Amino acid sequence: VEASEDIVQIDFEDVIAEPEGTHSFDGIWKASFTTFTVTKYWFYRLLSAIFGIPMALIWGIYFAILSFLHIWAVVPCIRSYLIEIQCISRVYSICIHTFCDPLFEAIGKMFSSIRATVRKEI
């Protein structure tokens, strides 16, 4: 799992992107950079302080329910389905081999005596 700072990496230059030929005054650029960086830093901390614990609780409950359902419902249902389908698969295979194999063998023997020759006439 990656750290949150690696996932959402937003720098000032990504948001305020002045082209190479156009730049504002250095003082304005530095003040804007400082304002953006400090605001982003403190608002993230403020939002984390306000919503961090409730969101952690909500996501913890969500992933606990998801894990519980996966372990106790989804995987057992899939495994039981595979066991049941394996039985049906065997019966289907026996029926195919019993009824279709003789038919296809007979058709194969009928057509095996056919010979085709190709002549090239000039």
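Conventions used here
- Residues numbered from 1 in each chain as written.
- Predicted model: local features only at pLDDT ≥ 70, side-chain atom pairs only at ≥ 80, totals over all residues.
- Heavy atoms only, no water.
- Phe/Tyr/Trp six-rings, centres within 6.5 Å; stacked < 30°, edge-to-face > 60°.
- Buried < 20%, exposed > 50% of the residue type's maximum accessible area, 1.4 Å probe, protein only.
- Lys NZ or Arg CZ within 6 Å of the ring centre and 35° of its normal.
- pLDDT = per-residue confidence, 0-100.
- Helix = DSSP H or I, 4+ residues; strand = E, 2+ residues; numbered from the N terminus.
- Polar contact = N/O pair within 3.5 Å; in protein donor to acceptor, adjacent residues only side chain to side chain.
- Patch = residues over 30% accessible without salt bridge, like charges linked within 9 Å, V, L, I, M, F, W, Y side chains within 5 Å.
- Areas by Shrake-Rupley, 256 points an atom, 1.4 Å probe, with all protein chains shown as cover.
- Salt bridge = Lys/Arg side-chain N within 4 Å of Asp/Glu carboxyl O.
- Expected span 1.5 Å × (residues − 1).
- Bend = angle between axes of the 7 residues up to and from the residue.

Caption draft 1: Quick look at the packing of aromatic side chains. With the rule as written, the count across this model stands at 4 aromatic pairs. Relative to phenylalanine 63, the ring of tyrosine 62 lies with its centre 5.1 Å away and its plane at 75°, an arrangement referred to as edge-to-face. On the basis of relative accessible area, tyrosine 62 is assigned to the partly exposed category, the value being 42%. The structure contains a cluster of three or more aromatic residues connected by ring pairs, namely Trp59, Tyr62 and Phe63. Positioned over the ring face of tryptophan 42 is arginine 45, at 5.6 Å from the centre of the ring.

Caption draft 2: Up close: the confidence of the model for the protein. A residue-level look at the protein finds 84% of positions with pLDDT of 70 or above and a mean pLDDT of 86. Within the protein, the element-level pLDDT minimum falls on helix H1 (residues 4-7), averaging 60, and the maximum on helix H3 (residues 26-112), averaging 93.

Caption draft 3: The environment of threonine 37, seen in detail. Residue placement: threonine 37 occurs in helix H3. A distance of 2.8 Å separates the side chain of threonine 37 from the backbone oxygen of phenylalanine 33, its partner in a polar contact.

Caption draft 4: Broad picture of a nonpolar patch on the surface. Residues Phe43, Leu46, Leu47, Ile50, Phe51, Met55, Ile58, Trp59, Tyr62, Phe63 and Leu66 make up a contiguous nonpolar surface patch of about 1100 Å² in total accessible area. Relative to the helices and strands, isoleucine 58 is located in helix H3. Assessed through its relative accessible area of 49%, isoleucine 58 is described here as partly exposed.

Caption draft 5: Broad picture of H3. Taking 1.5 Å of rise per residue, 87 residues should cover 129 Å, yet H3 covers just 89 Å from first to last C-alpha, more than 12% shy of that figure. The largest bend along H3 measures about 50° and falls at phenylalanine 51, with the proline proline 54 one to four residues further on.

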